[in-house]
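Working through the structure, step by step
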Protein chains: 2
Amino acid sequence: MTDPRWLDDEEMRAWQAFVATSALLERRLDQQLREDVGLSHLQYGILARLSLAEGGAMRMTELADSMLNSKSGLTYQVSQLEKAGLVQRAPCTIDVRGVYAALTDEGRQLMQRAAPGHVALVRELLIDALTRDQLTAIADGLGEASRRMLAEQECAQPTTP
Amino acid sequence: MTDPRWLDDEEMRAWQAFVATSALLERRLDQQLREDVGLSHLQYGILARLSLAEGGAMRMTELADSMLNSKSGLTYQVSQLEKAGLVQRAPCTIDVRGVYAALTDEGRQLMQRAAPGHVALVRELLIDALTRDQLTAIADGLGEASRRMLAEQECAQPTTP
DNA sequence: CGAAAGTTGTTCGAATTCGAATCACCTGCT
DNA sequence: AGCAGGTGATTCGAATTCGAACAACTTTCG
């Protein structure tokens, strides 16, 4: 536990830019989605993930894992979305404990209304601020970073003495 | 409001990498700080910001603006930090309404204990996953993006007819 | 001066988050 | 079969978040 390598100027610049962008972007996207279609960014994320899934439905845990969220947080949000008629729960036949969250027609329609504006804002605030080279560097670099974190997460090997 | 330019593969790859990294990193840093020194990432951020300030003190609004946080959120967190003895409020002599949040000795000491581990984790999870070129691209690209968002924010020109 | 308008920080209520505990159920092993 | 341990989803309480409303003060300008 010696003195760790501090961040040099360039590293600090990258780190601060990353944190600032992350915070500002999250706030803006959330705000726009709210006044646009009445969804939080997280709720949009859930619906978006479901849109991509086979049949517009996923098991709760699978959905929770694919999002940032904890399982209890997902239970709450899916309940909210269900109240709003955008998602419907369905029992799982293979495993009685299991629950599917399935996109409703209304949910799909809302996504079609929400997506263009959302994508446009992502483009305006982030993508269009980047050169093509920067875009590639970010895709590669952050892709690698997130892959590492995800891989680490799955190594929960129990050491049973 | 025609069909907006969708994201192409490369853009999508960058966007997803960014979102994933942002979420995973935030979670990990928060978790480590909590078990290391009992601070949330936000609280650490507040103390870090104060450390850099002249005399270890800042006005509440200035502090709130420099962080992501809303003013009410800051009031809450500073109260928490004050309870923990890491920060102390002080009245502002120039403006009676004003309040300074000032780092205490204890707060400064805690930061000295917290910083090395925090920096080490930032390095491990993000910095060390990037090549030097990627680091520079991120610093430049995301720096530009965050600068644009901040600039936009300050243009709240009232249109008084 | 002195009223109108803007700032500053806090308080309030509602919504959201998390982790721990819980209950019901599946799986593997003997 | 039957038990031990693991898994899936929910519920609960505590902590945190936000925006709107507020009170106190400052600034601006006629």
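As the structure is a computational prediction, the values presented were derived from the model and not from experiment.

1. What about the protein's contact with DNA strand C?
In the vicinity of DNA strand C, 21 residues are found, and the nearest of them are Asn69(A), Gln77(A), Thr61(B), Arg89(B) and Arg97(B). Among atoms of DNA strand C positioned within 4 Å of the protein, sugar and phosphate together represent 67%. The contact in question runs from a phosphate oxygen of DNA strand C to an N or O atom on the side chain of Gln77(A), over 2.5 Å. In the model, a phosphate oxygen of DNA strand C is placed 2.5 Å from a nitrogen or oxygen of the Arg89(B) side chain. For the surface near DNA strand C, the leading source of residues is helix α4 (residues 71-83) of chain A, giving 4 residues. Of the residues assigned to the surface near DNA strand C, the class counts are 5 nonpolar, 9 polar and 7 charged.

2. Quick notes on the relation of the copies chain A and chain B
Take chain A, turn it by 180°, move it 0.0 Å along the axis, and it overlays chain B with an RMSD of 0.0 Å. Classification of the inter-copy transformation places it as that of a two-fold axis. The share of interface residues of chain A whose copies in chain B are also at the interface is 100%, consistent with both copies meeting through the same surface.

3. What to know about the environment of Gln31(B)
Residue and element names in this part refer to chain B. Tracing the sequence through the fold places Gln 31 in helix α1 (residues 9-37). The partly exposed category is assigned to Gln 31, whose relative accessible area is 45%. A sequence separation of 69 residues divides Gln 31 from Tyr 100, and the C-alpha atoms of the two residues are 29 Å apart.

4. Quick notes on empty space enclosed by the protein
Counting across every chain of the model gives 1 cavity of 30 Å³ or more. Looking at the largest cavity, the residues that line it are Leu126(A), Ile127(A), Leu130(A), Leu135(A), Ile138(A), Ala14(B), Trp15(B), Phe18(B) and Leu142(B). The leading source of residues in the lining of the largest cavity is α1(B), at 3 residues. The residue makeup of the lining of the largest cavity, split by class, is 9 nonpolar, no polar and no charged.

5. Overview of the side chain of Arg28(B)
In this fold, Arg28(B) is placed in helix α1. Residue classification places Arg28(B) among the buried positions, given a relative accessible area of 18%. Contacts of Arg28(B), omitting those with residues within four sequence positions, involve Met149(A), Glu152(A), Gln153(A), Leu121(B) and Leu125(B).

6. A word on the protein's contact with DNA strand D
Taken together, 21 residues form the shell around DNA strand D, and within it Thr61(A), Arg89(A), Arg97(A), Tyr76(B) and Gln77(B) come nearest. Put simply, 68% of the atoms of DNA strand D that lie within 4 Å of the protein are in sugar or phosphate. Between Gln80(B) and DNA strand D, the recorded distance is 3.5 Å, taken from a side-chain N or O atom to a phosphate oxygen. At 3.0 Å from a base oxygen of DNA strand D is found a side-chain nitrogen or oxygen belonging to Arg97(B). Residue assignment for the surface near DNA strand D shows that the elements contributing at least two residues are α3 (60-66) and α4 of chain A together with α4 (71-83) of chain B. In terms of residue count, α4(B) provides more of the surface near DNA strand D than any other element does, 4 residues in total.

7. A short note on the confidence of the model for chain A
Looking at chain A as a whole, the pLDDT averages 90, with 93% of positions reaching at least 70. Taken as a whole, residues 156-161 of chain A scores under 50 in pLDDT and shows 0 contacts with residues more than four places along the chain or in a different chain.

8. Things to note about the nonpolar core
Grouped together as the largest cluster of nonpolar side chains are 44 residues, with contacts concentrated most on Trp15(A), Leu25(A), Leu142(A), Trp15(B), Leu25(B) and Leu142(B). Leaving out residues up to four positions away in the same chain, Leu142(B) has contacts with Ala17(A), Phe18(A), Thr21(A), Leu126(A), Leu130(A), Ile138(A), Phe18(B) and Ala137(B).

9. Section: the pairing of strand β3 (residues 99-103) of chain A
All names here are of chain A. Bridge analysis of strand β1 (residues 57-59) against β3 gives 3 bridges, and the strand direction is antiparallel. Residue pairing across strands places Ala 57 opposite Ala 102, the latter belonging to β3. Where strand β2 (residues 87-91) and β3 come together, 5 bridges link them in antiparallel fashion. Within β3, the residue paired with Gln 88 across the bridge is Ala 102.

10. Re the UniProt feature "domain: HTH marR-type" (unreviewed entry) in chain A
What UniProt calls "domain: HTH marR-type" (unreviewed entry) maps, in this numbering, to residues 11-147 of chain A. Taken as a whole, residues 11-147 of chain A contains 70% helix and 9% strand, while its terminal C-alpha atoms sit 20 Å from one another.

11. What about the environment of Ala151(A)?
Residue and element names in this part refer to chain A. Within the secondary structure, Ala 151 is located in helix α6 (residues 132-154). Given the relative accessible area of 41%, Ala 151 is considered partly exposed. C-alpha separation for the pair Ala 151 and Gly 85, spaced 66 residues apart in sequence, amounts to 36 Å.

12. Looking at the sheet that holds strand β1 (residues 57-59) of chain B
For sheets, the rule is that strands pair by backbone hydrogen bonds, running either parallel or antiparallel. All names here are of chain B. Taken together, 3 strands build an open sheet; the order of strands is β1-β3-β2 and the sheet is antiparallel. Two strands lie at the open edges of the sheet, namely β1 and β2 (87-91), each paired on one side alone. Across the sheet, the mean angle from the axis of one strand to that of its neighbour is 30°, orientation sign disregarded. Along the sheet, α4 contacts β2 and β3 (99-103); its crossing angle with β2, the most-contacted strand, is approximately 115°.

Scoring rules and cut-offs
Residues numbered from 1 in each chain as written. Chains lettered and ligands numbered in written order. Predicted model: local features only at pLDDT ≥ 70, side-chain atom pairs only at ≥ 80, totals over all residues. Heavy atoms only, no water. Near = heavy atom within 4 Å. Polar contact = N/O pair within 3.5 Å; in protein donor to acceptor, adjacent residues only side chain to side chain. Helix = DSSP H or I, 4+ residues; strand = E, 2+ residues; numbered from the N terminus. Nonpolar A, V, L, I, M, F, W, Y, C, P; charged D, E, K, R; others polar. Least-squares fit on C-alpha atoms with pLDDT ≥ 70 in both. Contact = heavy atoms within 4.5 Å. Buried < 20%, exposed > 50% of the residue type's maximum accessible area, 1.4 Å probe, protein only. 1 Å grid on protein atoms, 1.4 Å probe; cavity = no way out; pocket = protein on both sides within 12 Å on 5 of 7 lines; lining within 4 Å. Points joined across faces, edges and corners; volume = space filled by probe spheres on them. pLDDT = per-residue confidence, 0-100. Core = buried A, V, L, I, M, F, W, Y, C linked by side-chain atoms within 4.5 Å. Pairing = 2+ DSSP bridges. UniProt positions renumbered as here; feature names shortened; annotations may be inferred. Axes fitted to C-alpha atoms, helices over the stretch in contact; angles between N-to-C directions.

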